[in-house]
Amino acid sequence: MSELYPILTVEEALARVLAAFQPLEPERVPVLETLGRVLAEDIYADMDIPPLTNTAMDGYAVRAADTAGASPEHPVRLRIIYDLAAGYTTDVAVTPGTAIRIMTGAPIPPGADAVVQFEDTEQDGDWVNIFKGVSVGKNVRQAGEDVQKGALILPKGTEIRPQEVGMLAALGHKEAWVHRRPRVAILATGDEVIEMDAPWQPGKIRNANSYSNAAQVVRYGGVPVLLGIARDDVTELTAKIRAGLEQGADLFLTSGGVSMGDFDVVKKVLAAEGEMAFWRVRMKPGKPLAFGHIRDVPLLGLPGNPVSAMIAFELFARPAILKMLGKTYWDKPTVEAKLLDEITRKDNRRHFLRVMLEERDGEYFARLTGDQGSGILLSMVKAQGLAIIPENANHLPAGARVQVMMLDWPERCTGIKKQGANEG
Ligand code: AMP
Ligand code: MG
């Protein structure tokens, strides 16, 4: 099997995984549900925004020429002929020597060409004293200054953030076409694995992977479909995978059963029921990672160790989900940091070490979260990022610079410990 399936680099494996996915078909969803999705249609403006030229300030709509030379010592006196609130229009025109009291957002009335803000005025019954001259257009927002009727505002492929949701609403789109969310089937394997509410028995451990992976699916915009646990038995695993496929899946995830042990049945089932593309990646944790297809559905066989399952998901399942959502960018943000620990190893794999970051004088420092075993889930719980140790770096002294792939960015930025120069 080894010769048939050479061990791949992270990049080779990712390229082969990604080649199996395309953006999913569009669906029409309510505007709020477009958040985090990718537009599958071009959105044009059906009208100007703002629709009418209006005032940016509370004040008086005037003819700028009337205010020439106004000062606190020599105010210009104008007669107030109308009061205009936002949301209303008027035919009353500002004529020489008059002004209309006007509230922010209200359309500029006919005849007026500027607005004097309240701060530069004083009302005196039906009259207003203007203390400061304004030029034409002062405090006036032009119709269409934000969005022009007919313009392409949000092109196909736009990732929807809250501001795009607001723009869709402003343009009157109650719904929009976005790429469908991928359904991700999740099946744990292992005779030793039990559900969290099952009574514990010697030799058993609780299923962590299905839940950490399902949470990752949700975080990156997919819909997890939890299929429970399959015993290390080819017949049972085959049946559970078939039943899972019946429920509809764009990506099938298994955990466990992909290394060299006697009961590593995922590879066997993948080879028998479908086709296996590769099953090892030159990385740690996460080396025993299988990928292939079963009945045209891509299947990622994640390793069983809880840290490996999560990191392999981040590196391979996450980009696949993002691509299916229509996204074109899936690199995790990285920062450069100085190692606070010395790293020695000799396996020529790319290591992803769990680290906490500290910031001192604008520089990041990465501290290992403790035991880096691939079964130490607490190393993920404590981590803000994964320090990437390149394949050829078998010894890195403390102080060496490494790239840290941020697990939580930007949400956990505030969690980065800040220290003064003399501390630590
Ligand atoms: P495997 O890849 O099946 O040999 O599993 C490697 C290690 O991960 C073993 O110690 C398993 O008990 C553990 N493991 C496998 N599946 C899970 C799971 N769903 N949750 C927690 N640990 C698991
Ligand atoms: Mg197993």
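Just so it is clear, the model here is predicted, and its values are computed rather than measured. (Residues numbered from 1 in each chain as written. Chains lettered and ligands numbered in written order. Predicted model: local features only at pLDDT ≥ 70, side-chain atom pairs only at ≥ 80, totals over all residues. Heavy atoms only, no water.)

Peer 1: Please set out the domain arrangement of the protein residue by residue, giving values where relevant.
Peer 2: Splitting the protein by domain gives domain 1 (10-24 + 181-324), domain 2 (26-49 + 145-179), domain 3 (54-141) and domain 4 (334-419). Relative to domain 3, the C-alpha centre of domain 1 lies at a distance of 68 Å. (Domains from an automatic or database assignment.)

Peer 1: Describe in detail the site of ligand 1, supporting the description with residues and values.
Peer 2: In the vicinity of ligand 1 there are 16 residues, among which Glu192, Asn207, Ala208, Gly257 and Gly304 approach most closely. Take glutamate 192: an N or O atom from its side chain is 2.5 Å from an oxygen atom of ligand 1. Here glycine 304 contributes a backbone N or O atom positioned 3.1 Å from an oxygen atom of ligand 1. In isolation ligand 1 offers 490 Å² of accessible surface; the protein chains occlude 77% of this area. (Near = heavy atom within 4 Å. Polar contact = N/O pair within 3.5 Å; in protein donor to acceptor, adjacent residues only side chain to side chain. Areas by Shrake-Rupley, 256 points an atom, 1.4 Å probe, with all protein chains shown as cover.)

Peer 1: Quick one: what's the story with the layout of surface pockets, residue by residue and with numbers?
Peer 2: In this model, the largest pocket occupies a volume close to 610 Å³. Every element with two or more residues in the lining of the largest pocket is listed here: α3 (209-219) and α6 (306-324). Looking at the lining of the largest pocket, its residues break down into 10 nonpolar, two polar and 10 charged. Roughly 490 Å³ of internal volume is contained in the second largest pocket. In terms of lining, the second largest pocket is formed by 31 residues, of which the most central are Gly256, Pro303, Gly304, Asn305 and Pro306. For the lining of the second largest pocket, the secondary structure elements donating two or more residues are β13 (183-189), β15 (205-206) and α6. Partitioning the lining of the second largest pocket into residue classes produces 10 nonpolar, 14 polar and seven charged. Here the lining of the second largest pocket spans two domains, and each of domain 1 (10-24 + 181-324) and domain 4 (334-419) adds at least three residues to it. (1 Å grid on protein atoms, 1.4 Å probe; cavity = no way out; pocket = protein on both sides within 12 Å on 5 of 7 lines; lining within 4 Å. Points joined across faces, edges and corners; volume = space filled by probe spheres on them. Helix = DSSP H or I, 4+ residues; strand = E, 2+ residues; numbered from the N terminus. Nonpolar A, V, L, I, M, F, W, Y, C, P; charged D, E, K, R; others polar.)

Peer 1: Describe the packing of aromatic side chains, listing the residues and the values that go with them.
Peer 2: For the structure on display, the rule yields two aromatic pairs. Residues tyrosine 60 and phenylalanine 118 carry aromatic rings whose centres are separated by 5.5 Å and whose planes lie at 75° to one another, so their mutual orientation is edge-to-face. You can see tyrosine 60 sitting in strand β4 (residues 59-62) and its partner phenylalanine 118 sitting in the loop between β7 (114-117) and β8 (121-124), a full 58 residues away along the chain. Residue classification places tyrosine 60 among the buried positions, given a relative accessible area of 1%. (Phe/Tyr/Trp six-rings, centres within 6.5 Å; stacked < 30°, edge-to-face > 60°. Buried < 20%, exposed > 50% of the residue type's maximum accessible area, 1.4 Å probe, protein only.)

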